[in-house]
Protein chains: 2
Amino acid sequence: MPDGYISGTGESPDEETITAPLLHRRNTTSQIALVGSNPCLVESLDYEIIENDVFKQDWRSRSKFQIFQYLSLKWILCFVIGIVVSLIGFFNNLAIENIAGEKFVITSNMMLANRYLAAFLIFAAANLVLTLFATLITTLIAPEAAGSGIPEVKAYLNGVDAPAIFSFRTLLVKIVGSITAVSSSLNVGKAGPMVHTGACIAALTCQGGSKKHGLTWRWLRFFNNDRDRRDLVTCGSAAGIAAAFRAPVGGVLFALEEMASWWRSALLWRSFFTTAVVAILLRGLTDTCLSGKCGLFGTGGLIMFDVTSVDITYHLTDVPPVLLLAVIGGIAGSLYNFLLGKVLRLYNLINEKGTAYKILLACTVSILTSCLLFGLPWLASCRPCPADTSEPCPTIGRSGNYKKFQCEPGHYNDLASLFFNTNDDAIKNLFSKGTDTEFHTTSVLLFFITCFFLSIFSYGIVAPVGIFIPVIVTGASFGRLVGLLVGSNSNLNNGLFAVLGAASLLGGSMRVTVSLCVILLELTNNLLLLPLIMLVLLVSKTVADAFNNNIYDQIMMLKGLPYLETHAEPYMRQLTVSDAVSGPLHVFNGIERVGNIVHVLRTTGHNGFPVVDEPPVLYGLILRSHLITLLKKKRFHITPPLTYVDAGKKFSSSDFAKQGFGNAETIEDIDLTEEEMEMYIDLHPFTNASPYTVVETMSLAKALTLFRGVGLRHLLVVPKTSGRLPVIGILTRHDFMPEHILGLHPMLARGKWKRLRFRFPLWNRIFS
Amino acid sequence: MPDGYISGTGESPDEETITAPLLHRRNTTSQIALVGSNPCLVESLDYEIIENDVFKQDWRSRSKFQIFQYLSLKWILCFVIGIVVSLIGFFNNLAIENIAGEKFVITSNMMLANRYLAAFLIFAAANLVLTLFATLITTLIAPEAAGSGIPEVKAYLNGVDAPAIFSFRTLLVKIVGSITAVSSSLNVGKAGPMVHTGACIAALTCQGGSKKHGLTWRWLRFFNNDRDRRDLVTCGSAAGIAAAFRAPVGGVLFALEEMASWWRSALLWRSFFTTAVVAILLRGLTDTCLSGKCGLFGTGGLIMFDVTSVDITYHLTDVPPVLLLAVIGGIAGSLYNFLLGKVLRLYNLINEKGTAYKILLACTVSILTSCLLFGLPWLASCRPCPADTSEPCPTIGRSGNYKKFQCEPGHYNDLASLFFNTNDDAIKNLFSKGTDTEFHTTSVLLFFITCFFLSIFSYGIVAPVGIFIPVIVTGASFGRLVGLLVGSNSNLNNGLFAVLGAASLLGGSMRVTVSLCVILLELTNNLLLLPLIMLVLLVSKTVADAFNNNIYDQIMMLKGLPYLETHAEPYMRQLTVSDAVSGPLHVFNGIERVGNIVHVLRTTGHNGFPVVDEPPVLYGLILRSHLITLLKKKRFHITPPLTYVDAGKKFSSSDFAKQGFGNAETIEDIDLTEEEMEMYIDLHPFTNASPYTVVETMSLAKALTLFRGVGLRHLLVVPKTSGRLPVIGILTRHDFMPEHILGLHPMLARGKWKRLRFRFPLWNRIFS
């Protein structure tokens, strides 16, 4: 048999240039990897239809009943995801309120008995134990569960499979760890982990349970493909936000605006269905708690902040202070992102050193937090209770607007009302109306500064902690501060200023607009604020965009997740695809020797290979995973087969179905004898015979439009002129990464084709 | 010079098969054309970057300042669009309320003086004159302005340029016609026309004003491309909904869910900005009317329905009636779509006969409407005014809950409160709370039936009329009816049932979910209803989807707009692209004789032609419009040029910029001498050298993913094997239309690969 005109043995001299540069250690969270250098990340083909003979036969053999079964199953899965996510969301809140509530009740009771030191020790010890527990399970069981999880899910929806992010292990640690971390009074949130939890549930559901634990169902095999899985994960993350904030429409929009990379109208409708299930079930569950059967969960007001104040009037004179708030909020938001990035880099260096360092760091943060929460309220002076309040004053128990803390009866400590509370209650207090005189300016200022820095220093610990709610708390205190400073010059009350402040800081750090707008509306239940919230979000996002990226993009960069942007960088219009193709190309013949295939698979990490027929003509593209399946099945030919053999009889399409997360087989798992190595495989039936191709002269920007628009994993570059090899390269996600391109063409980095943005070289030097 | 191996002269015997079958008359609205047979529709290339030498040089020559100018101009244009749309929206409402209000005041005063016949005559005459005016200006000046305009804008955003839909003429007629039609008490809406108005303003703004009237600015030339124009039109339509319902977030979502075919996160942000401008300005304008300076505009409550009833409680027992309402609403919605389609077909037959018929039809509808609105309230018995109402009862003037009509003092006519009012007021009355006893069941039933059929029979007249608000009125009366029938068995009051009824009918006919949800929330300003509205929308859309398509898709079908769906029909996976390619291919050589080009352009209607070089290799694709520009410029070579000539010196990219709507030049405009016909053009610099290509064996479904995902106009089909022609066909939008494919492969229509849907052959036979 002819050996083919292109070497299939990978003996090219510059082989090393394409093998991935760094081996990646297990703990993904504690890595500072350059973008594109993370070989553990398996990119997955997204929306491309793989057209090989085996799959085509499978499709044709599907009956009408099977198609109906598939369609109805997809809806049923959405329903199940909605049910499970809302149950978990409810359980989360219930657990947090009861654990944190019990802690505050015990501490408050001790303070009532004047045993302040003992109260502090119990408070700090409880926090430490809870934090320690969260950190330990995360470090030892599922390091993938650390952080908010939103960047990972966002990257997954963009086409990047980080290993084990959707395993059952990760899900369990995420739920338990999030409950304990939030209960431990750390300044961390539960919304991000809830999104990751929702995505996990969706991924596990469509996989039919955990592969590892054998809990899979045969009839879910239809969903063993990337497209359906991605759709359901989008629905799951929408459900997560819906459950965290009880904001169903906001959840859909957040999934659309921030999470999803590809969006179809059908997906909107499907995720709307999922969040509707969440909204309806959550309402029912909260109603059952109204009778007081849920311990310290209270009247069910804890997962929403119903701050209805219907009659808001505001005029043109209120706009200048709001604009000022938005501008400062935007600057503060971008500063927040900047500082968080620096702290995360520092923490990553510490966490990299080993488990002991991770635990030590988490404990330090926990003790520091306990000291600040318990210590700072002593700085505030006690204030007499207002006469006309409908709430009890001072409150001694868990929640409430007026905390007694160390004060005399009839007095309350305004700083303790903010610090010595769960984040949910602090937000509620800040958003509440008719409380303009409750907080002193210095108290709010102190709270704002503490929250700002504490949340930055808390996020990086190795535990399932989010950043959404801390930013809301910080923003709300900032808004309240502005409200106090503006005073009677504005018609808006301080509670409304707090809402606007939260909007400004969220807009400045997350840079989401429409979804944030809707989430805030659903949280505060007040539509009359809409024009002002829109104004604030517009201004703060615009201001912050002039400085740096949004926070999730920054974290993705830090984690080395190769996120592919929709828009092409301007310099990509200057380059052709042949400028981006790098490294030697490995090509297989239509009928290939087993030994060649094994050698190429062992020596390269590529996930797709062109298949070429005689006379030199491109037959298609074959995937690494399919080759491994073929090798595992060992249905080889002793001599090159001359006629077409029907492959459908030997293989079923489910053999080639996408494996569960992190369960992909590798070439090292396959043992072949010397004899088998000399045999042949007919690759034709397993080759995607209609891969997407671009001509070598196409600009990189245009190729990116195709790659990103259709959601590809591989894009073949074909020559312009005939008489040459029928394929001259493969473009993958990494080839479109700005870091990769600027590495190949460094002069572009200095050109005029960069994004317009303020830069502060001095700052960067100081902080790095 | 060699003539090329493919005939460029178009003498193929089956030439006729590809020329468009029917010539299209001017009045697009009165046509029932088969999909794909409408040659006046110019498809436009959407998001493909045209890469020819001339454009590349232009891009490279742009300075940093020009890029900055471009970016800031885009934002400024959005701002301008927001301002203009909100001003027009406000003016519309002001005019309608004053014209219709004046009419009702005069009629009511006459009835107070017992001059009932004179009152009717004046009422009917006023309505007739207003309708006549709207119909006349539409028929004579801008027939493109007829109907709601949403289908046209939706098709435009999908890539179909219907002629003159965005001209200045159309805009004027749309605004004036919509005001008069709505004022004439026809059961028609103003939301759809407002969307079209917004889109028109956006298109004219980015064009720099009306081309025809010479109002263009040089510095807007950057926006002479499809991509930017489409982005701004999306923003404009979002602004239209925002202005119509004062629902900024709903507007963005409607544009996203219903209008746009391609959506990027950046566009979300841009349209959010536009609607924020609308929301803020509208609020300011409405505030200025609070002091009563706007005539009968009232307290500014007319463009919103603030039915705040904060404390809603509902329990599990309320779900069954709501579910029932949703199911019936879904069935009613699909029936509505079905009947509307049939009536539109009938009306089109009438309207086709000439201007006189159009006017006659409109007059008939107007007189019928007047008779019903004035006549039906006489059937209702007078009811005594409730003692505890805060509103005046009976009201004599324009608006109000309790219309006196023919009743004694102290009594009111409940049917007149619904009929003898503007649609806005009727909706307000139906949505209002605490009015459970105000309307009698038979009155509401009568109103529901009348609205249902009247709105179906009103939409088809040749005037700028929408269908959104009539559906809301009909749905609200339906919901109220259900509420009355359920009575005290439910905790929900009848006003809330009306809101849910509106949701169910809208969900059943428009099939939008998230955006409708948000629009209804913004209209009613009540977030506690959210879970119920979501439930209703889910159920009604699901039920209605089992019967037929959404209403806008149906109207697009009727108008022959070739809308390209995102999802591929199942049978498209069974076909390869070569199965869909039809007709002979016209190919140009890289250096082509002028005579050949002229001949091909004259004999075919194709918009793109492959350019092939010697030896047979595909060079690229050239557009008809660019060829016409080249012919017009007459820079020909007497002999075939041998070396490359820099084309940038002879042409600037603005020569090739997209012309204004409906201003494209045709080949007939160009006169060439016999000598010139024998000269040559070097097509290389003007050819898009990197067109998207697919291999002939690719399935049609996969090619559609590419075509639709990237937004193409032409897709070249290349052969699998070498040694053949380098290109074997061009796929355009029409080749992906199900009608075209099923025409080529009729056996597929009978296969199992169809969508699952209930079918009623009997009904179709009765009604057609």
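Keep in mind that this is a model prediction, so the values were computed, not measured.

Draft legend 1. Molecular detail of the overall build of chain A. Helix and strand content of chain A: 26 helices and 12 strands. Burial statistics for chain A: of 768 residues in total, 63% are counted as buried. Considering only intrachain contacts with a sequence separation of at least 6, the fraction spanning at least 24 residues in chain A is 80%. Accessible surface computed for chain A: about 27,200 Å², of which carbon and sulfur atoms make up 63%.

Draft legend 2. Just the UniProt feature "domain: CBS" (unreviewed entry) in chain A, in detail. Per the UniProt record, "domain: CBS" (unreviewed entry) is annotated on residues 686-747 of chain A. Measuring from the first to the last C-alpha atom of residues 686-747 of chain A gives 42 Å, for a span that is 29% helix and 16% strand.

Draft legend 3. Broad picture of the relation of the copies chain A and chain B. Overlaying chain A on chain B yields an RMSD of 0.1 Å, the required transformation being a rotation through 180° with an accompanying axial translation of 0.1 Å. The transformation just described matches what one would write down for a two-fold rotation axis. Across chain A, the rotation axis passes nearest the C-alpha of A:Gly709, at a separation of 2.7 Å.

Draft legend 4. Expanded view of the environment of A:Tyr619. Residues and elements named next belong to chain A. Its place among the elements puts Tyr619 in strand S8 (residues 617-623). On the basis of relative accessibility, which here comes to 17%, the residue Tyr619 falls in the buried class. Through-space distance from the C-alpha of Tyr619 to that of Val539 is 53 Å; in sequence the pair is 80 residues apart.

Draft legend 5. Representation of the sheet that holds strand S7 (residues 608-613) of chain B. All names here are of chain B. The strand order across the open sheet formed by three strands is S5-S7-S8, and the pairing between neighbours is mixed. One side of each edge strand has no neighbouring strand; the edge strands of this open sheet are strand S5 (588-589) and strand S8 (617-623). Pairing between S5 and S7: two bridges, direction parallel. Note on S7: the bridge partner recorded for Asn589 is Val612. Strands in contact with helix H22 (residues 624-633) are S5, S7 and S8; relative to S8, the strand with the most contacts, it is inclined by about 80°.

Draft legend 6. Representation of a nonpolar patch on the surface within the structure. The grouping of A:Leu445, A:Ile449, A:Phe453 and A:Phe457 at the surface amounts to a nonpolar patch, some 320 Å² of accessible area in total. Take A:Leu445: its relative accessible area is 37%, and that puts it in the partly exposed class.

Draft legend 7. Representation of the pairing of S8(B). Residue and element names in this part refer to chain B. Among the seven residues that make up S8, seven are buried, leaving the element largely enclosed by the rest of the structure. Alignment of S7 against S8, held across six bridges, turns out to be antiparallel. What sits directly across from Gly608, in S8, is Leu623. Counting the residues in the hairpin turn of S7 and S8 gives three residues.

Draft legend 8. Fine view of the nonpolar core. Counting 321 residues, the largest nonpolar core has A:Phe245, A:Phe468, A:Ile533, B:Phe245, B:Phe468 and B:Ile533 as the members making the most contacts within it. Setting aside residues no more than four positions away along its own chain, B:Phe468 makes contact with B:Ala191, B:Ile241, B:Phe245, B:Phe254, B:Leu506, B:Met510, B:Leu516, B:Ile519 and B:Tyr552. The next biggest cluster of nonpolar side chains, apart from the first, holds 50 residues, and it includes A:Ala701, B:Ala703, B:Leu704 and B:Phe736.

Draft legend 9. Structural detail: the sheet that holds strand S5 (residues 588-589) of chain A. On the basis of which strands lie adjacent, the open sheet formed by three strands has the order S5-S7-S8 (chain A) and mixed pairing. Strands with a single pairing partner mark the edges of an open sheet, and in this sheet they are S5 and S8 of chain A.

Draft legend 10. Spotlight on the state of the cysteines. All names here are of chain A. The full count for this structure, using the stated rule, is two disulfides over all chains. Bridging Cys382 to Cys407, the disulfide has an S-S length of 1.9 Å. Sign of the S-S torsion, about -90° for the bond between Cys382 and Cys407, identifies this disulfide as left-handed. Taken together, the residues Cys382 in the loop between helix H11 (355-375) and strand S3 (383-384) and Cys407 in the loop between S3 and strand S4 (411-412) connect sequence positions 25 residues apart. Classification of Cys382 by relative accessible area gives partly exposed; the value is 30%. Of the cysteine sulfurs around Cys78, a residue in no disulfide, the closest is that of Cys235, at 4.1 Å. For Cys371, which is in no disulfide, the shortest distance to another cysteine sulfur is to Cys363 and amounts to 13 Å. Since its relative accessible area comes to 38%, Cys371 is described here as partly exposed.

Draft legend 11. Structural detail: the interface of chain A and chain B. Of the residues lining the interface, 83 residues belong to chain A; the matching set on chain B comes to 83 residues. Between chain A and chain B the total buried area reaches about 7,200 Å² when both faces are included, carbon and sulfur atoms providing 69% of it. The interface formed by chain A and chain B contains zero salt bridges. Here chain A is connected to chain B by 10 residue pairs in polar contact (both at pLDDT 80 or more).

Draft legend 12. Spatial organisation of the pairing of strand S11 (residues 715-718) of chain A. Residue and element names in this part refer to chain A. Neither face of S11 is exposed, since Leu715 and Val717 on one face and Leu716 and Val718 on the opposite face are all buried. Bridge count between strand S10 (residues 693-695) and S11: three bridges; the pairing is parallel. Note on S11: the bridge partner recorded for Thr693 is Leu716. After leaving S10, the chain enters helix H24 (residues 700-710) and then returns to the sheet as S11, a path that is right-handed. Pairing analysis gives three bridges linking S11 to strand S12 (residues 729-731), with the strands arranged antiparallel. Bridge assignment links Leu715 to a residue of S12, and that residue is Leu731.

Draft legend 13. Spatial organisation of the packing of aromatic side chains. As enumerated under the stated definition, the model contains 48 aromatic pairs over all chains in all. When the ring of A:Trp75 is compared with that of A:Phe273, the centres are 5.3 Å apart and the planes differ by 85°; the resulting orientation is edge-to-face. With a gap of 198 residues between them, A:Trp75 in helix H2 (residues 64-112) and A:Phe273 in helix H9 (residues 265-289) connect regions that are remote in the sequence. Looking at A:Trp75, the relative accessible area reads 28%, which means it is partly exposed. On the numbers, 5.3 Å between centres and 80° between planes, the contact of A:Tyr336 with A:Phe452 is edge-to-face. In this pair, A:Tyr336 is assigned in helix H10 (residues 319-351) and A:Phe452 in helix H14 (residues 441-459), connecting sequence segments 116 residues apart. You can call A:Tyr336 buried: its relative accessible area is 1%. Members of the aromatic cluster, joined through ring pairs, are A:Phe104, A:Tyr116, A:Phe120, A:Phe123, A:Phe374, A:Trp378, A:Phe405 and A:Phe420. Residue placement shows A:Lys720 over the ring face of B:Tyr619; its charged tip is 4.9 Å from the ring centre. A cation sits over an aromatic face here: B:Arg708 above B:Trp262, 5.1 Å from the ring centre.

Draft legend 14. Representation of the packing of helix H17 (residues 514-524) of chain B against helix H18 (residues 530-545) of chain B. Residue and element names in this part refer to chain B. The interhelical angle for the contact between H17 and H18, taken along N-to-C directions, is 140°, at an axis separation of 10 Å. Our classification of the angle between H17 and H18 gives oblique. H18 is crossed by H17, and the crossing has right-handed handedness. Where H17 abuts H18, its residues Leu516, Cys517, Leu520 and Leu521 lie against Leu530, Ile533, Met534 and Leu537. Classifying every residue of the contact of H17 with H18 gives eight nonpolar, no polar and no charged.

Thresholds, definitions, all that
- Residues numbered from 1 in each chain as written.
- Chains lettered and ligands numbered in written order.
- Predicted model: local features only at pLDDT ≥ 70, side-chain atom pairs only at ≥ 80, totals over all residues.
- Heavy atoms only, no water.
- Helix = DSSP H or I, 4+ residues; strand = E, 2+ residues; numbered from the N terminus.
- Buried < 20%, exposed > 50% of the residue type's maximum accessible area, 1.4 Å probe, protein only.
- Contact = heavy atoms within 4.5 Å.
- Areas by Shrake-Rupley, 256 points an atom, 1.4 Å probe, with all protein chains shown as cover.
- UniProt positions renumbered as here; feature names shortened; annotations may be inferred.
- Least-squares fit on C-alpha atoms with pLDDT ≥ 70 in both.
- Pairing = 2+ DSSP bridges.
- Axes fitted to C-alpha atoms, helices over the stretch in contact; angles between N-to-C directions.
- Patch = residues over 30% accessible without salt bridge, like charges linked within 9 Å, V, L, I, M, F, W, Y side chains within 5 Å.
- Salt bridge = Lys/Arg side-chain N within 4 Å of Asp/Glu carboxyl O.
- Core = buried A, V, L, I, M, F, W, Y, C linked by side-chain atoms within 4.5 Å.
- Disulfide = S-S within 2.5 Å.
- Buried area = accessible area lost by both parts, 1.4 Å probe.
- Polar contact = N/O pair within 3.5 Å; in protein donor to acceptor, adjacent residues only side chain to side chain.
- Right-handed = clockwise from strand over helix to strand, strands pointing away.
- Phe/Tyr/Trp six-rings, centres within 6.5 Å; stacked < 30°, edge-to-face > 60°.
- Lys NZ or Arg CZ within 6 Å of the ring centre and 35° of its normal.
- Parallel < 35°, antiparallel > 145°, perpendicular 65-115°, else oblique.
- Left-handed = near helix turned anticlockwise from the far one by under 90°.
- Nonpolar A, V, L, I, M, F, W, Y, C, P; charged D, E, K, R; others polar.

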